[in-house]
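Below, each chain spelled out in residue letters.
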Amino acid sequence: MQTGERSTENGFDRATGGKKFTVPPMLWAIMAAVGTVRILGLSRGLPDIIASPGGDEKYFVETALLVAAHRSYSQAFHSLPNFFMPSPYSFLLLIAYGFYFVAGLVAGKFHGVDDLIFQFLTDRTMFYLLGRWISVLASVAALYLIYRIACFFMSYRFCLLAVFLYACFPLEYFRSRWALPESVTELACLIALFYWLKTAREDSLQAFRWGVFWSAVAVSFRINVAPVLFPGFCLAGRLSRRNGQSLAPWLWFAVVPPVYLLLNPYFITDFREAVHQCLALFGLLKNEYATTGRGALFIWPLAELAKTAGLGLLMILGLGRMIWKALRPGPERVAYGLLALFTVPLYLWVGSSPRISLHYMLSVYPLACISGVSFGERWARLRPRLAPWIYGLAALSVIAPLSSIASEVNARTGKSFTQMAAKEWIEQNIPAKTRIAMDALIYGPPLYNWSVFDSSKIKSLSRSLRSRLRRHYEAQKAFEIVSALEPSFMTTDRARRLGVSYLIVSSGAYDRYIEGALDLGNPLYPEFTKKQAFYRSLFAGASPQQGWRLIEEFRPGESLAGPTIRIYRLEEGGSPESRIRQAF
């Protein structure tokens with residue numbers, strides 16, 4: 001491939017110089033390096049999920065296994081009342097677990113299904129790792145698609161520069177290392193956008209069909225990326241006009257609902273409950289999560305991007321240039337317009353909420369990066385003397401992101417967690433089977449919960465497996481864990497009636513209630529104020545929480561990462577002097 005050669009066809013710049021596309025060795029090298037960095041410390045926080053964002057990995061993993069256990073998607077869904085709309089990502093996990101089980105049988109590690117179940121209930125490391133590997137592979141494959149899309153806009157060297165810069169984007173690095181559907185969704189969106197661009201360049205109905213299919217797959221993984229269909233609507237009208245007002249392009253969109261329902265069958269098995277849970281999730285995103293608002297609507301995503309220094313500013317420039325090119329008459333209007341038809345609606349949806357996280361726009365950032373780099377490439381062509389400066393600025397723009405990633409890798413390989421420190425202290429100082437109240441399991445110490453034997457899922461296991469599991473729990477020192485917030489909030493009187501002796505709270509749960517506030521008209525206001533009152537009276541030592549005494553506290557510092565963990569003891573009468581240890 002002649003890397004310096006360029007051609008323009010239908011307003012699209014082509015890095016291939018009109019020749020057959022081949023993958024440059026440098027792209028393979030970047031992908032291999034990125035994959036290596038992604039897997040460093042990939043097992044951090046396991047076998048528990050104390051390092052996972054929000055503990056969401058747990059729901060996808062459990063859904064996959066419950067589908068296999070019940071042989072029913074609907075029953076698996078009802079077994080997870082706190083999980084909103086399982087993604088087909090769980091099906092990918094289920095396939096991976098199937099191969100893992102077969103490999104275990106061949107290697108002699110498993111002698112039957114009971115061995116697999118026992119491993120999941122006692123050590124979930126491999127189940128999370130398989131999901132994380134899927135995400136890493138999807139994020140590395142996405143770099144190839146970024147290169148292919150960049151080839152529509154600029155030359156070979158700048159295409160590689162765009163790939164390298166995006167590989168250094170901290171948010172992409174962080175979100176691609178969990179057993180979550182974000183990376184797979186991003187990959188599906190990029191494949192769809194590649195085919196949309198190819199359709200526009202070649203007026204290819206075959207490329208259009210693939211664009212429709214991959215758009216449907218992307219939407220099936222995450223409904224918020226539905227704007228990926230918008231470029232297809234525009235192209236359908238264009239193809240229809242060029243083929244004598246043919247309806248064939250429009251009819252291809254009929255495959256979207258079947259693909260979605262095939263990958264999300266819960267809409268068939270229990271449509272009413274599915275709609276109810278979707279509305280509940282929407283209410284959480286728009287209401288409760290808004291207690292930690294980021295700032296002005298539609299501005300905060302740009303402000304958050306700017307925090308990543310040069311790379312974030314490059315993406316902001318790229319977003320602006322993309323819209324400018326889409327609105328301005330010219331040969332590149334179609335190409336940039338197709339990207340903008342996906343990018344702008346998704347940005348407006350995310351920006352309209354002050355709380356929805358930036359990762360909801362993960363599929364937008366590669367396009368913003370490509371657009372920003374193509375702006376630099378244009379100046380390099382118009383002013384060749386500026387080319388070394390442009391490359392230099394690009395190198396400087398990744399210093400801060402690379403430093404952030406390096407710090408994260410170091411933290412993951414060199415730090416312990418406050419949750420684990422709290423777990424060790426509890427196991428050493430509190431007798432087994434003591435009843436403990438916790439405000440949020442996913443943010444607190446990963447204790448063995450003896451109460452699990454009261455659950456219907458454990459009772460449905462075989463007698464031999466239950467006995468095997470009970471012996472394991474006895475050897476590991478288990479406790480009886482109850483919720484401090486549900487069904488009613490833990491007052492000292494209620495704690496005594498329930499036989500609760502200790503209370504554990506985590507800043508991962510209470511920060512939003514201590515620091516946030518809701519409007520009186522918010523539908524979640526009553527529930528929010530109850531939880532807020534619980535924490536405020538607890539920390540102030542006031543009624544109705546008077547009687548809880550803080551005996552241990554674990555805070556993040558140089559040697560510990562994670563949330564602040566507070567351990568309280570319920571005193572019957574006069575309390576001894578509290579002993580608080582600051583763990584740094």
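The structure this text deals with has already been given above.
What counts, and at which threshold
- Residues numbered from 1 in each chain as written.
- Predicted model: local features only at pLDDT ≥ 70, side-chain atom pairs only at ≥ 80, totals over all residues.
- Heavy atoms only, no water.
- Salt bridge = Lys/Arg side-chain N within 4 Å of Asp/Glu carboxyl O.
- Helix = DSSP H or I, 4+ residues; strand = E, 2+ residues; numbered from the N terminus.
- Buried < 20%, exposed > 50% of the residue type's maximum accessible area, 1.4 Å probe, protein only.
- Axes fitted to C-alpha atoms, helices over the stretch in contact; angles between N-to-C directions.
- Left-handed = near helix turned anticlockwise from the far one by under 90°.
- Contact = heavy atoms within 4.5 Å.
- Nonpolar A, V, L, I, M, F, W, Y, C, P; charged D, E, K, R; others polar.
- Arc of directions from axis to C-beta.
- Polar contact = N/O pair within 3.5 Å; in protein donor to acceptor, adjacent residues only side chain to side chain.
- Pairing = 2+ DSSP bridges.
- Expected span 1.5 Å × (residues − 1).

## Side note on the pattern of salt bridges
Taken as a whole, this structure holds 15 salt bridges when the rule is applied. With a closest N to O distance of 3.8 Å, Glu172 and Arg38 form a salt bridge. Of this pair, Glu172 sits in helix α8 (residues 170–175) while Arg38 sits in helix α1 (residues 25–39); the two residues are 134 residues apart in sequence, bridging distant segments of the chain. Considered together, Glu172 and Arg38 belong to a single accessibility category, that of buried residues. A salt bridge links Asp203 to Arg238; its shortest N-O distance comes to 3.6 Å.

## Comments concerning unusual backbone geometry
For Asp203, which is not glycine, the phi dihedral falls at a positive 50 degrees. Mapped onto the fold, Asp203 is located in the loop between α9 (182–202) and α10 (205–221). For Asp203, a relative accessible area of 31% puts it in the partly exposed group. If you check the backbone angles, Lys477 has positive phi at about 65 degrees while not being a glycine. Here Lys477 shows up in the loop between α24 (463–476) and β5 (480–483).

## Side note on the packing of helix α6 (residues 125–150) against helix α7 (residues 156–167)
Remark: α6 packs on α7, axes separated minimally by 9 Å, with the N-to-C direction vectors making an angle of 145 degrees. Once α6 is placed against α7, the crossing between them reads as right-handed. Contacts from Leu143, Ile146, Tyr147 and Ala150 in α6 reach Tyr156, Cys159, Leu160, Val163, Tyr166 and Ala167 in α7. Residue classes in the contact of α6 with α7 are distributed as 10 nonpolar, no polar and no charged.

## Quick word on helix α26 (residues 507–515)
Taken together, the buried positions of α26 are Ser507, Ala509, Tyr510 and Tyr513. Looking down the long axis of α26, one finds its buried residues gathered within 150 degrees of arc, a one-sided arrangement. Tucked into the core, α26 has its buried residues touching β6 (502–506), α27 (525–540) and β9 (565–570). Between the side-chain oxygen at the start of α26 and the backbone nitrogen of Gly508 there is a gap of 3.2 Å, and the oxygen is on Ser506.

## Section: the sheet that holds strand β7 (residues 548–554)
Reading across the sheet, the five strands line up as β5-β4-β6-β9-β7 and stay open at both edges, with mixed pairing between neighbours. The open sheet is flanked by β5 and β7, the only strands paired with a single partner. Across this sheet, the average inter-strand angle for adjacent strands is 25 degrees, counted without regard to direction. Running over the sheet, helix α22 (residues 418–429) touches β4 (435–438), β6, β7 and β9 and is turned about 125 degrees from β7. Strand contacts of α27: β6, β7 and β9, with the helix running at about 115 degrees to β6, the strand carrying the most contacts.

## Examining α24
For α24, built from 14 residues, the straight-helix expectation of 20 Å at 1.5 Å per residue is met to within 8% by its first-to-last C-alpha distance of 20 Å. Check the buried side of α24 and you find it contacts α5 (113–122) and α23 (456–459). Positive backbone phi, approximately 65 degrees, marks Lys477, located one or two places after α24.

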